[in-house]
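Here's the letter readout for the chains.
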Amino acid sequence: MQRYRFPVGRVPDEALLSGLATGDPELAVTFVRRFQHTVFGVAVAVTGDPQLAEDIAQQTFERAWRHAQIYDSRRGSVTTWLTTIAHNLAIDAVRSRRPEPVAPEDLDAILGVVSETPEQQALADEASSRLRAAVAELPREQGRALVMAGIYGMTAQQIADWEQIPLGTAKTRIRTAMGKLRNTLASPKRGDHVE
């Protein structure tokens, strides 16, 4: 008796993930092909290093294979789950590296990555889009300090040295930016927040 099969291109994401977990080679290859560009895009957007992004993409698919059974569709789509794994691995990889000096003129591009990338589209849940919008609305100096501290893991002293500002100013910029984010994100709607 011949086994009936769907064309693998039409198999739903959840079924491909289940196939990955069971070790079905055809479904595993289709799963990787379906999501490889998205996963790589997230990794390269965070790291800025294509070689490192390839390693992170590989780790992402390995982790998805090992943890496929804990995927919960009520918490988001397979794409969101997978890109969250890639994003977290990429952040960990960036943090584990020694902070490399970033030219001040490059920070504007970094702030653009926070607000306008394929990563955003992949992680397009309401909370993350509100966070990105709130970061984009910060004054440039505060946004730079927040990105340097939050994404690159730089200390206030390292930020002060890089920006050539007093340590207290660096701390104030970070603290003020965090306070503004907290207030913006605590508001029920973006337009309801009054300062």
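Anything mentioned here points back to the structure above.
How would you summarise helix 3 (residues 50-67) if you had to cite specific residues and measurements?
Count 3.6 residues to each turn of an α-helix, and residues three or four apart come out pointing the same way. When the terminal C-alpha atoms of helix 3 are compared, their 25 Å separation across 18 residues agrees well with the 26 Å that a helix rising 1.5 Å per residue should span. Those residues of helix 3 not exposed but buried are L52, A53, I56, A57, T60, F61 and A64. Where the residues of helix 3 are buried, they touch helix 1 (13-22), helix 2 (25-47) and helix 4 (78-96). Capping the start of helix 3 is the job of one residue whose side-chain oxygen sits 3.1 Å from the backbone nitrogen of Q51: D49.

Give a detailed account of the layout of surface pockets, specifying residues and quantitative values.
By volume, the second largest pocket amounts to about 210 Å³. In terms of lining, the second largest pocket is formed by I70, Y71, D72, R75, G76, S77, T80, W81 and T84. Considering only residue class, the lining of the second largest pocket consists of three nonpolar, four polar and two charged.

Talk me through the packing of helix 3 against helix 4; I want residue IDs and the actual numbers.
For the pair helix 3 and helix 4, the least separation of the axes is 9 Å and the interaxial angle reads 130°. In terms of orientation, helix 3 lies oblique with respect to helix 4. When the axes of helix 3 and helix 4 are compared, the crossing they make is right-handed. Contacts between helix 3 and helix 4 involve L52, I56, Q59, T60, F61, R63, A64 and H67 on the former and, on the latter, W81, L82, I85, A86, L89, A90 and A93. For the contact of helix 3 with helix 4, the per-class residue count stands at eleven nonpolar, three polar and one charged.

Please provide a residue-by-residue account of the packing of aromatic side chains, values included.
Applying the stated criterion across every chain, the model contains two aromatic pairs. With 5.0 Å between their ring centres and 55° between their planes, F31 and F35 make a pair best called tilted. Of the two residues, F31 and F35 are both situated in helix 2; the distance of four residues between them amounts to about one turn of the helix. In terms of burial, F31 and F35 fall into one category: buried. When the ring of F31 is compared with that of F61, the centres are 6.1 Å apart and the planes differ by 85°; the resulting orientation is edge-to-face. You can see F31 sitting in helix 2 and its partner F61 sitting in helix 3, a full 30 residues away along the chain. Each member of the pair, F31 as well as F61, carries the same accessibility label: buried. Taken together, F31, F35 and F61 form an aromatic cluster joined through their ring pairs.

How would you explain the environment of S73 if you had to name every residue and give the values?
Among the secondary structure elements, S73 is positioned in the loop between helix 3 and helix 4. The exposure class assigned to S73 is partly exposed, which follows from its relative accessible area of 48%. Sequence spacing of S73 and E14 is 59 residues, and the spatial spacing of their C-alpha atoms is 8.1 Å.

Lay out the pattern of salt bridges with the relevant residues and their values.
Under the definition given, this model contains one salt bridge. E163 is the partner of R144 in a salt bridge, and the nearest nitrogen-oxygen pair spans 2.8 Å. Of the two residues, R144 sits in helix 8 (residues 140-150) while E163 sits in helix 9 (residues 156-163), which places them 19 residues apart along the sequence.

Here is what the cut-offs are and how they apply
- Residues numbered from 1 in each chain as written.
- Predicted model: local features only at pLDDT ≥ 70, side-chain atom pairs only at ≥ 80, totals over all residues.
- Heavy atoms only, no water.
- Helix = DSSP H or I, 4+ residues; strand = E, 2+ residues; numbered from the N terminus.
- Expected span 1.5 Å × (residues − 1).
- Buried < 20%, exposed > 50% of the residue type's maximum accessible area, 1.4 Å probe, protein only.
- Contact = heavy atoms within 4.5 Å.
- Polar contact = N/O pair within 3.5 Å; in protein donor to acceptor, adjacent residues only side chain to side chain.
- 1 Å grid on protein atoms, 1.4 Å probe; cavity = no way out; pocket = protein on both sides within 12 Å on 5 of 7 lines; lining within 4 Å.
- Points joined across faces, edges and corners; volume = space filled by probe spheres on them.
- Nonpolar A, V, L, I, M, F, W, Y, C, P; charged D, E, K, R; others polar.
- Axes fitted to C-alpha atoms, helices over the stretch in contact; angles between N-to-C directions.
- Parallel < 35°, antiparallel > 145°, perpendicular 65-115°, else oblique.
- Left-handed = near helix turned anticlockwise from the far one by under 90°.
- Phe/Tyr/Trp six-rings, centres within 6.5 Å; stacked < 30°, edge-to-face > 60°.
- Salt bridge = Lys/Arg side-chain N within 4 Å of Asp/Glu carboxyl O.

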